[in-house]
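As a plain string of letters, each chain reads:
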Amino acid sequence: QVHLVESGGGLVQPGGSLRLSCEASGSMFSINGMGWYRQAPGNERDLVATIVWGSGTTYYADSMKDRFTISKDNAKNTVYLEMNSLKPEDTAVYYCKMVGRIPPQFTLSDHWGQGTQVTVSS
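Residues numbered from 1 in each chain as written. Predicted model: local features only at pLDDT ≥ 70, side-chain atom pairs only at ≥ 80, totals over all residues. Heavy atoms only, no water.

1. Some points on the overall build of the protein chain
Check the secondary structure of the protein chain and you find zero helices and 11 strands. Listing each helix as α and each strand as β along the protein chain from the N terminus yields β-β-β-β-β-β-β-β-β-β-β. Compactness check: the protein chain gives a C-alpha radius of gyration of 14 Å against a globular reference of 14 Å for 122 residues, within 12% of the reference. The C-alpha extent of the protein chain, read off along each of the three principal axes, is 45 × 25 × 25 Å. One way to put it: in the protein chain the 10 positive side-chain charges average out to a point 4 Å from where the 11 negative ones average out. (Helix = DSSP H or I, 4+ residues; strand = E, 2+ residues; numbered from the N terminus. Rg over C-alpha atoms; globule rule 2.2 N^0.38 Å. Lys, Arg positive; Asp, Glu negative; His and termini not counted. Charge placed at Lys NZ, Arg CZ, Asp CG, Glu CD.)

2. Some points on the pattern of salt bridges
Scanning all chains against the criterion turns up five salt bridges. K65 is the partner of D62 in a salt bridge, and the nearest nitrogen-oxygen pair spans 3.3 Å. Given the relative accessible area of 62%, D62 is considered exposed. (Salt bridge = Lys/Arg side-chain N within 4 Å of Asp/Glu carboxyl O. Buried < 20%, exposed > 50% of the residue type's maximum accessible area, 1.4 Å probe, protein only.)

3. Concerning the sheet that holds strand β7 (residues 68-73)
Across the sheet, which stays open at both edges, the four strands sit in the order β1-β3-β8-β7 with antiparallel pairing between neighbours. If you trace the sheet from one side to the other, it starts and ends with β1 (2-7) and β7, each paired once. Taken over all neighbouring pairs, the strand axes of this sheet differ in orientation by 15 degrees on average, direction set aside. Of the pairings in the sheet, the one linking strand β3 (residues 18-26) to strand β8 (residues 78-83) comprises six bridges and is antiparallel in character. Paired with L20 across the bridge in β8 is L81. (Pairing = 2+ DSSP bridges. Axes fitted to C-alpha atoms, helices over the stretch in contact; angles between N-to-C directions.)

4. Comments concerning the pairing of β3
When β1 meets β3, the two strands line up antiparallel, connected through six bridges. Note that in β3 the partner of E6 across the bridge is C22.

5. So, the state of the cysteines
Here the structure, examined in full by the defined rule, presents one disulfide. Each sulfur in the disulfide pair C22 and C96 lies 2.1 Å from the other. Disulfide C22-C96: torsion about the S-S bond near -75 degrees, hence left-handed. Linking C22 in strand β3 with C96 in strand β9 (residues 92-101), this pair joins segments that are 74 residues apart in sequence. Comparing C22 with C96 shows no difference in burial state: the two are buried. (Disulfide = S-S within 2.5 Å.)

6. Comments concerning the nonpolar core
M34, W36, V79, L81, M83, Y94 and M98 are the most contacted members of the largest nonpolar core, which has 31 residues in total. When sequence neighbours within four positions are dropped, the list of residues in contact with V79 reads L20, S21, C22, M34, W36, I51, W53, I70, S71, K72 and C96. (Core = buried A, V, L, I, M, F, W, Y, C linked by side-chain atoms within 4.5 Å. Contact = heavy atoms within 4.5 Å.)

7. Focus on the environment of S30
Relative to the helices and strands, S30 resides in strand β4 (residues 30-39). Measuring from C-alpha to C-alpha, the distance between S30 and N43 comes to 31 Å, with 13 residues separating the pair along the chain. Those residues within four positions of S30 in sequence are excluded, and the remaining contacts are M98, G100 and R101.

8. Focus: the side chain of S21
Tracing the backbone through its elements, the reader meets S21 in strand β3. Setting aside chain neighbours within four positions, we find S21 in contact with V5, E6, S7, W36, T78, V79 and Y80.

Take a look at the structure:
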């Protein structure tokens, strides 16, 4: 079993910055990649950014690639999302996702965190 715990959300003014963290914990799991998604009220859950665990290759949704940066710390099994120049439309619950293998089957599977609220408002 693996647990994903997000942190770093909160209330920020337009133009401000936040740094989200997501730590994966458990036993005998391996990570292929991690990513951030967000879901605003009434909307579907959308991709924000992903990172390949081994190579560090990143991918961003077009609307966020100039303002958001995804990074990782392999030793801490943690992925980060640095968000700058935040806008009110960035308000959403931000979810962390891990693609990896967990016991007992070790088949490739998706695992989600509980989400952290980001509110951009003056």
